Amino acid sequence: MREIVIGGAQMGPIQKADTREEVVDRMIALLQQAKGAGCDLVVFPELCLTTFFPRWYMEDQAEVDQWFEREMPNAATAPLFAAAREAQIAISFGYAELTPEGRHFNTSILTDRDGNIVGKYRKTHLPGHSEFDHDRAFQHLEKRYFEPGDTGFQVWRNMDAIMGMCICNDRRWPETYRVMGLQGVELVMLGYNTPSVNSQDSVEGLEKRLYHSELSMTSAAYQNATWVVGVAKAGDEDGHPLMGGSMIVDPNGYVMARAETEGDELIVHACDMDACSFGKSTIFDFARHRRIEHYGLICSQTGVVLPD
Ligand code: CDV
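These numbers were taken from a predicted model, which means no experiment stands behind them.

Chemist: Quick rundown of the packing of aromatic side chains? Include the residues and the values.
Modeler: The full count for this structure, using the stated rule, is ten aromatic pairs. With centroids separated by 5.6 Å and ring planes inclined at 55°, the aromatic side chains of phenylalanine 68 and phenylalanine 146 adopt a geometry described as tilted. Residue phenylalanine 68 is located in the loop between α2 (61-65) and α3 (78-87), and its partner phenylalanine 146 is located in the loop between α4 (142-145) and β6 (155-158); the two are separated by 78 residues in the primary sequence. On the basis of relative accessibility, which here comes to 3%, the residue phenylalanine 68 falls in the buried class. Pairing phenylalanine 93 with tyrosine 95 gives two aromatic rings, centres 5.9 Å apart and planes at 45°, and the pair type is tilted. Accessibility expressed as a relative area gives 3% for tyrosine 95, which makes it buried. One aromatic cluster in this structure is built from Phe53, Trp67, Phe68, Tyr145 and Phe146. Between lysine 16 and the ring centre of tryptophan 56, over which it is positioned, the NZ or CZ distance is 4.2 Å. When the ring centre of tyrosine 192 is taken as reference, the NZ or CZ atom of arginine 171 above it lies at 4.1 Å.

Chemist: Break down helix α6 (residues 206-224) for me, citing the residues and quoting the values.
Modeler: Between its first and last C-alpha, α6 extends 27 Å over 19 residues, near the 27 Å set by a 1.5 Å rise per residue. Within the sequence span of α6, burial applies to Arg209, Ser213, Ser216, Met217, Thr218, Ala220, Ala221 and Asn224.

Chemist: Give me the lowdown on the pattern of salt bridges, citing residues and values where you can.
Modeler: Taken as a whole and assessed by the stated rule, the structure comprises 20 salt bridges. Between arginine 291 and glutamate 293 there is a salt bridge, with the nearest N and O atoms lying 3.0 Å from each other. You can call arginine 291 partly exposed: its relative accessible area is 45%. Through salt bridges with shared partners, a single ionic network connects Glu97, Arg103, Lys120, Arg122, Glu147 and Asp150.

Chemist: Run through the layout of surface pockets, naming residues and quoting values.
Modeler: Considering only enclosed or pocket space, the largest pocket measures out at about 800 Å³ in volume. In terms of lining residues, the largest pocket is bounded by 25 residues, among which Trp173, Pro174, Glu175, Val179 and Ile298 are the most central. Elements with a contribution of two residues or more to the lining of the largest pocket: α5 (174-181), α6 and α9 (296-300). Looking at the lining of the largest pocket residue by residue, the classes come out as ten nonpolar, ten polar and five charged. Reported here for the second largest pocket is a volume of approximately 420 Å³. For the second largest pocket, the lining is made up of 20 residues, of which Pro127, Asn169, Arg172, Asn198 and Arg209 are closest to its centre. Partitioning the lining of the second largest pocket into residue classes produces five nonpolar, nine polar and six charged.

Chemist: Just give me the short version of empty space enclosed by the protein, but keep the residues and values in it.
Modeler: According to the stated counting rule, one finds three cavities of 30 Å³ or more in the structure shown. Its volume calculated, the largest cavity comes out at about 60 Å³. Along the walls of the largest cavity sit 14 residues, with Phe44, Gly94, Ser108, Leu190 and Gly191 positioned nearest its centre. When residues of the lining of the largest cavity are traced back to their parent elements, those giving at least two are β3 (90-98), β7 (161-167) and β8 (187-192). The residue inventory of the lining of the largest cavity, partitioned by class, reads nine nonpolar, four polar and one charged. In this structure, the second largest cavity is lined by Phe52, Arg55, Phe138, Gln139, His140, Pro195, His240, Pro241 and Leu242. The class makeup of the residues in the lining of the second largest cavity is five nonpolar, three polar and one charged.

Definitions and limits used
Residues numbered from 1 in each chain as written. Predicted model: local features only at pLDDT ≥ 70, side-chain atom pairs only at ≥ 80, totals over all residues. Heavy atoms only, no water. Phe/Tyr/Trp six-rings, centres within 6.5 Å; stacked < 30°, edge-to-face > 60°. Helix = DSSP H or I, 4+ residues; strand = E, 2+ residues; numbered from the N terminus. Buried < 20%, exposed > 50% of the residue type's maximum accessible area, 1.4 Å probe, protein only. Lys NZ or Arg CZ within 6 Å of the ring centre and 35° of its normal. Expected span 1.5 Å × (residues − 1). Salt bridge = Lys/Arg side-chain N within 4 Å of Asp/Glu carboxyl O. 1 Å grid on protein atoms, 1.4 Å probe; cavity = no way out; pocket = protein on both sides within 12 Å on 5 of 7 lines; lining within 4 Å. Points joined across faces, edges and corners; volume = space filled by probe spheres on them. Nonpolar A, V, L, I, M, F, W, Y, C, P; charged D, E, K, R; others polar.

Right, here's the structure in full:
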């Protein structure tokens, strides 16, 4: 048995006016709770140091850049890394990354139990749009503020397991998990900021959105025989509701722990990495059963091409 006690540290809303320091204090409080629960690893949400700023239209690049981190750790997050090291808990969290070359990414990192960064992932599937869209109920400007990630879906050996990350919208794409599955992934960690309503369809509300999120993660867990931990930033951010629904999914696709609130809430499950072995060696033994001669379109064509 290779057991890792994992905490999903869902975070409630972060308002525009909230400081990084206030947010880090909340993250440390969740980390202390996780320590009490015996956690080895804690997963925090996407862009969890600030409000979900891509909902705001900005033209001034200096104003945009104030939401980004120029280094990690930095002054604001150093106490979080110190607390994690002290507790001997590995962490994963998302933030907006501004590189020394001036590139902007939606990023997440993974540490070992000593607070050393062992993995970095930059979001691949950026949803939304790049110009102000008058037809939407609210904006989602990730394509304006970030460039698509350049890391691809790597995995890392950490804590005697094979771990990978993706971010929010990535969780809806089977390719995300399959690329990691082909590297033997046993744990996929992801954070998300998902509005409770569809900006382009006011009828699509919370129930359907929670269902699609769960469907994406549970099916991917099963089809790749991997644990999936999905963690929300939830609640009302300056009048904009984000859904919760954080969950820990086992390699059979069953939800083993689920958040009940839209606030700061820790969910915990003892995840046995060996539970991935059965699926990986039977129905989803890729080496025996995949037929790559028929998958070419997936990598040669982006959109739909209809038959004549
Ligand atoms: N932050 C996100 O990537 N959010 C998207 C919304 C826009 C649908 C998501 O897939 O949850």
